[in-house]
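The residues making up each chain are set out below.
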Amino acid sequence: MTSLVQGTLWNGDETRQFEEAFADFIGVPDAVAIPSGRAGLQFIFEALGLQPDSDVICSAFAYPVVPHLARSLGFSVRFADCEMETLGMDPEALAATITDRTQVVIATHLYGIPCRIREIAEIAEAHGAALIEDCAHCYGASVGGRKAGAFGRFGYFSFETSKPINTMGGGMVTTQDPELAERIREVARKEPAKNLAWLRKRLLKTTFETIVTNPLVFNLGVYPALRFLQSREDSDERFASGYQPDEITMQGRMGRYTNYQASVGLNQMQIILPQLERRVANAERLIGQLKDSVKFQSHDVADVRSNYMLVTALFPQMQAMARRLLELGVDTKHHYMRDCSALLEDCLSFPGAAQAEREILHLPAYPEISDAKIDWIAERVQQAVDEIGTGK
Ligand SMILES: Cc1ncc(COP(=O)(O)O)c(C=O)c1O
């Protein structure tokens, strides 16, 4: 409202302040606010000025929009499989795939746990390829005290409503190279300005999401509806969240980032760290109680800090687990990331990515859940595991 009165909804000082605060937090020389994570990736490609047909290597298990975008821009996409601890790109698979023709490596940090970015950065550098980190899930995560988004030549973050920082869409590119940052800023400035109709739509969407995820509304309305849908035969895809085929689009993901969103982002940066700590505490409590019987996404290095945007378990009988847990009162999420090799015809198959897509189930550990409720969830998961088995 203040922004409306002051006329700073669309343009104002907050955008630059947000970029500076973000660059400072990640520990890079510059950052540029962008209309969405995928728009940021497109702007990075433009700033790099790559030849069409250049080789781009992506994680086989990731967000399908990423390889799809690279391919739609005319690049030749290749995949490196994931490893089954961090679920990120396997450095050995990258080493076997990369050649001197590879111009770009895109490494995705999934669900708040950084991938093996140090090894990946070394391999990319040895072949003269630009490393781009997909940090959509990883605000605040770090390896060896260095934040995700500060290892590559570029990183990009998403501020969509389900992400750690939510500015009703938008995102940020981080970069080691101020000149390229300026180039991206110029491209981002050319985007058409947004208007009040856009703002109204985004506020309505955010309000709707806040209402349906409110515990009271969820328990009385959404949960019974999910149980009803679960009883229908074709329900599997209904429970898949995030990516659906029609999401591979830039529609609604472009348009200049607004100063209003930047002011929301600046405010969130000030309050988010305690929330992330609470999320991590919940995740560790849940994982701690289940780790002997359930395989979780993890990292095996002491100096890695995760934000646990999503707690991620692997169950050979994932669909059965999801159904049983819903019956027991625990709502879960699956099929957010995909085996991207399925996107490309004539593509090799990637066993790690295929297994991850089949088996991953996200368990609830968001910051508002109390310790007692986490213990309750752990008991329900253990009960479902005892009934169905985990194959661990
Ligand atoms: C891993 C990952 N990368 C990239 C994106 C794209 O971000 P955006 O929706 O802001 O374009 C997403 C969005 O969910 C994502 O999860």
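Definitions and limits used
Residues numbered from 1 in each chain as written. Predicted model: local features only at pLDDT ≥ 70, side-chain atom pairs only at ≥ 80, totals over all residues. Helix = DSSP H or I, 4+ residues; strand = E, 2+ residues; numbered from the N terminus. Contact = placed C-beta atoms within 7 Å. Expected span 1.5 Å × (residues − 1). Buried ≥ 20, exposed ≤ 12 C-beta atoms within 10 Å, placed from the backbone. Pairing = 2+ DSSP bridges. pLDDT = per-residue confidence, 0-100. Near = placed C-beta within 6 Å. Nonpolar A, V, L, I, M, F, W, Y, C, P; charged D, E, K, R; others polar. Bend = angle between axes of the 7 residues up to and from the residue. Core = buried A, V, L, I, M, F, W, Y, C linked by C-beta atoms within 7 Å. Axes fitted to C-alpha atoms, helices over the stretch in contact; angles between N-to-C directions. Parallel < 35°, antiparallel > 145°, perpendicular 65-115°, else oblique. Left-handed = near helix turned anticlockwise from the far one by under 90°.

Visitor: Tell me about the overall build of the protein chain, residues and numbers included.
Guide: Of the regular secondary structure elements, the protein chain holds 14 helices and 15 strands. Dimensions along the principal axes, computed over C-alpha positions, put the protein chain at roughly 55 × 55 × 40 Å. Across the protein chain, contacts joining residues at least 24 apart in sequence account for 74% of those joining residues at least 6 apart.

Visitor: Can you explain helix α8 (residues 196-212)? Please cite residues and give values.
Guide: Between its terminal C-alpha atoms α8 stretches 24 Å, which fits the 24 Å expected from 17 residues at 1.5 Å a residue. Among the 17 residues of α8, 1 are classified as buried, and the element is accordingly described as predominantly exposed.

Visitor: Outline the pairing of strand β15 (residues 360-363), supporting the account with residue identities and numerical values.
Guide: Side chains Ile360 and His362 of β15 all project onto a buried face; the interleaved residues Leu361 and Leu363 project onto the opposite face, where all are buried too. Judged from the 4 bridges that link them, strand β13 (residues 311-314) and β15 form a sheet pairing that is antiparallel. The residue bridging valine 311 from the neighbouring strand is leucine 363, located in β15.

Visitor: I'd like to hear about the environment of arginine 101, residue by residue, with values.
Guide: Here arginine 101 lies in the loop between α5 (91-97) and β5 (102-108). Expressed as a C-alpha distance, the spacing of arginine 101 and asparagine 166, which sit 65 residues apart in the sequence, is 37 Å.

Visitor: Explain the confidence of the model for the protein chain to me, and be specific about the residues and the numbers.
Guide: Here the protein chain shows a mean pLDDT of 91. Residues at 70 or above account for 93%. Between residues 238-242, whose pLDDT stays under 50, and residues either more than four places distant or in other chains, the model counts 9 contacts.

Visitor: Could you give me a rundown of the site of the ligand, with the residues and numbers involved?
Guide: Around the ligand, 14 residues are found, and the nearest of them are Ser36, Gly37, Arg38, Ala136 and Ser158. Counting only elements with at least two residues in the shell around the ligand, the list comes to α3 (37-48) and α4 (65-72). Of the residues assigned to the shell around the ligand, the class counts are 4 nonpolar, 6 polar and 4 charged.

Visitor: Outline helix α11 (residues 259-290), supporting the account with residue identities and numerical values.
Guide: Between the first and last C-alpha of α11 there are 44 Å, a value that for 32 residues agrees with the 46 Å anticipated at 1.5 Å per step. The axis of α11 is deflected most strongly, by about 50°, at isoleucine 271, and proline proline 274 appears within four residues downstream.

Visitor: Kindly report on the pairing of strand β4 (residues 76-80), identifying the contributing residues and their values.
Guide: Counting buried positions over the 5 residues of β4 gives 4, a clear majority of the element. Relative to β4, strand β2 (residues 55-59) runs parallel, the two being bridged by 5 bridges. The residue bridging isoleucine 57 from the neighbouring strand is arginine 78, located in β4.

Visitor: Would you mind going over the sheet that holds strand β11 (residues 295-296) in detail, with residue names and values included?
Guide: Read across the sheet, 3 strands follow the order β11-β13-β15 without closing on themselves; strand pairing throughout is antiparallel. Each edge of the open sheet carries a strand with a single partner, namely β11 and β15.

Visitor: Lay out the nonpolar core with the relevant residues and their values.
Guide: One finds Ile44, Cys58, Val105, Ile120 and Val173 to be the most contacted residues of the largest nonpolar core, which totals 106 residues. Sort the elements by how many residues they give to this core and α11 lands first, with 7 residues. Ignoring sequence-local partners within four residues, the contact set of isoleucine 44 consists of Ile132, Phe154, Tyr156, Val173 and Ile184.

Visitor: How would you summarise the packing of helix α12 (residues 318-327) against helix α14 (residues 371-388) if you had to cite specific residues and measurements?
Guide: Relative orientation of the contacting elements α12 and α14 amounts to 130°, with a least axis distance of 10 Å. Looking at the two axes, α12 sits oblique to α14. Here α12 and α14 pass one another in a crossing that is right-handed. For the pair α12 and α14, the contacting residues are Ala320, Met321, Arg324 and Leu325 in the first and Arg380, Val381, Ala384, Glu387 and Ile388 in the second. Taken together, the residues of the contact of α12 with α14 break down into 6 nonpolar, no polar and 3 charged.

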